[in-house]
Amino acid sequence: MTLSYVSCMGFLDVLRRLSRKKQADDDMPCSIVMLLRSPFAMSKEILETAASKAYRTPYDGTQEMYFVGWNPRLKVIKAGASLISLLEAEEPYLGDPAEVAEGFKNKQLEGAWIEHRTWVSFDLMNRDVPKRQAYAVLAALVAELLDARCAGIYLPKENQFTIQNDGAAADHLRRLIK
């Protein structure tokens, strides 16, 4: 009887951990992180141009639901009903790149992760948007900003990393937009 109680308790603990993990994943916003080899001199003008192309709407102040909010502590992009928060850091994402990349089986992925020195994260703040739609909104913007500085893109909620140097990241973003 005691053994079955312990087994049942073990099973309940596993269920609780899985439930907490799912809840943590649900609480995490959909995000796309650009891992960069060198800092991106992000400015309000650059974001306005990229957002205008991504969402095919002028970001010139004529559309009240389409704007870039910019101050040193808070950077946001409003695209209709979508609100995207932007966070930049001049340090490697998730700590020491060599330590993080140790578990990578793919050497190209490992090399790209180790190459990055800084990052920019685009987080969709709307939590009630279906995942597919959320990533389409984010990917449209990130695709307009992708350039040679980018070692790859990372989707934290999905734990997916795609390198850029072979064009795979751009392809991945295009698939997310469709």
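What this report covers is the structure whose coordinates are included nearby. (Residues numbered from 1 in each chain as written. Predicted model: local features only at pLDDT ≥ 70, side-chain atom pairs only at ≥ 80, totals over all residues. Heavy atoms only, no water.)

Another aspect to go through is the pattern of salt bridges. For the coordinates displayed, the defined rule picks out seven salt bridges. We note a salt bridge from Glu 115 to Arg 37, for which the minimum N-O separation is 2.4 Å. Of this pair, Glu 115 sits in helix H4 (residues 107-115) while Arg 37 sits in the loop between strand E1 (31-36) and helix H2 (44-55), and the two are 78 residues apart along the sequence. (Salt bridge = Lys/Arg side-chain N within 4 Å of Asp/Glu carboxyl O. Helix = DSSP H or I, 4+ residues; strand = E, 2+ residues; numbered from the N terminus.)

Examined against the element boundaries, Gln 160 turns out to sit in strand E7 (residues 160-163). Judged by relative accessible area, which is 34%, Gln 160 ranks as partly exposed. C-alpha of Gln 160 to C-alpha of Ile 32: the two residues are 128 residues apart in sequence and 9.7 Å apart in space. Excluding its chain neighbours within four sequence positions, the residues that come into contact with Gln 160 are Ile 153, Tyr 154, Leu 155 and His 172. A polar contact is formed between the side chain of Gln 160 and the side chain of His 172, at a distance of 3.5 Å. (Buried < 20%, exposed > 50% of the residue type's maximum accessible area, 1.4 Å probe, protein only. Contact = heavy atoms within 4.5 Å. Polar contact = N/O pair within 3.5 Å; in protein donor to acceptor, adjacent residues only side chain to side chain.)

This next bit is on the sheet that holds strand E3 (residues 75-79). On the basis of which strands lie adjacent, the open sheet formed by seven strands has the order E2-E3-E4-E5-E1-E6-E7 and antiparallel pairing. Strands at the two margins of the open sheet, each flanked by one partner only, are strand E2 (66-70) and E7. Neighbouring strand axes in the sheet, compared pairwise and without regard to direction, differ in orientation by 15° on average. Pairing analysis gives six bridges linking strand E4 (residues 82-89) to strand E5 (residues 118-124), with the strands arranged antiparallel. Within E5, the residue paired with Ala 89 across the bridge is Trp 119. Strand contacts of helix H6 (residues 168-177): E1, strand E6 (150-155) and E7, with the helix running at about 130° to E7, the strand carrying the most contacts. (Pairing = 2+ DSSP bridges. Axes fitted to C-alpha atoms, helices over the stretch in contact; angles between N-to-C directions.)

Distances and angles like these do not, on their own, reveal function.
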